[in-house]
Amino acid sequence: SQLSSIGLNPQEKVLMGIGYRIDAIVEVNGKTSVEVDGPSHFIGEGRSPTGSTILKRRQVCSVDGIELVSVPYWEWNTLLGKDEVKRQDYLR
């Protein structure tokens, strides 16, 4: 995975205590969760997150006490086809 390539050694598809499944958890100044948010996380073709996505972000942070970082699909897609260094820089 891209996270492994920059030395973060992620735990992938982690079930949180509150019941949400997170795409990855990495250790960066404590635990940080990483969510790759595809189109289904946003309303229509826009960039406004759905209510369930907002709730998940809020609850993971407040109940599980872990910072959540979202990687929106449109930002990641701009890096596809680019060299690997640019994708790694984005994740840092």
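Here we summarise the structure given alongside this text. Position numbers for residues count from 1 along each chain, tracking the sequence in the order it is written. Confidence filtering applies because this is a predicted model: local features only for residues at pLDDT of at least 70, side-chain atom pairs given and counted only at 80 or more, and all residues used for totals across whole chains, interfaces and linings. Only hydrogens and water are set aside; all other atoms, that is, all heavy atoms of the structure, feed into the side-chain values.

1. Considerations on the environment of Glu27
To qualify as a helix, a DSSP run of H or I must reach at least 4 residues; to qualify as a strand, a run of E must reach at least 2; elements of each kind are numbered from the N terminus. Position of Glu27 among the secondary structure elements: in strand 2 (residues 21-27). What makes Glu27 exposed here is its relative accessible area of 52%. Expressed as a C-alpha distance, the spacing of Glu27 and Lys56, which sit 29 residues apart in the sequence, is 20 Å. Relative accessibility decides the category of a residue: with a 1.4 Å probe and only protein chains considered, values under 20% of the type maximum give buried, values over 50% give exposed, and everything between is partly exposed.

2. Some remarks on the pattern of salt bridges
For this document, the term salt bridge refers to a Lys or Arg side-chain nitrogen within 4 Å of an Asp or Glu carboxyl oxygen. Following the criterion strictly, the structure yields three salt bridges and no others. As a salt-bridge pair, Glu35 and Lys56 come within 3.0 Å of each other at their nearest N and O atoms. With Glu35 in strand 3 (residues 31-37) and Lys56 in helix 2 (residues 51-62), this pair connects stretches of sequence that are 21 residues apart. Accessibility assignment for this pair places Glu35 and Lys56 in one class, buried.

3. Considering the side chain of Thr32
Along the chain, Thr32 turns up in strand 3. It only takes one pair of heavy atoms within 4.5 Å for two residues to be counted as in contact. Leaving out residues up to four positions away in the same chain, Thr32 has contacts with Ala24, Ile25, Val26, Ile66, Glu67 and Val69.

4. What to know about the packing of aromatic side chains
The geometry of an aromatic ring pair comes down to the distance between the two centres and the angle between the two planes. Any pair of Phe, Tyr and Trp rings, taking the six-membered ring for Trp, is counted once the centres come within 6.5 Å. Such a pair is stacked with planes under 30 degrees apart, edge-to-face with planes over 60 apart, and tilted for the rest. In total, this model carries three aromatic pairs according to the counting rule given. An angle of 80° between the planes, with centres 5.4 Å apart, marks the rings of Tyr73 and Trp74 as edge-to-face. Using a relative accessible area of 23% as the deciding quantity, one classes Tyr73 as partly exposed. A residue is classified by how much of its surface remains accessible, and Trp74, at 17% relative accessible area, is buried. Members of the aromatic cluster, each reached through a chain of ring pairs, are Phe42, Tyr73 and Trp74.

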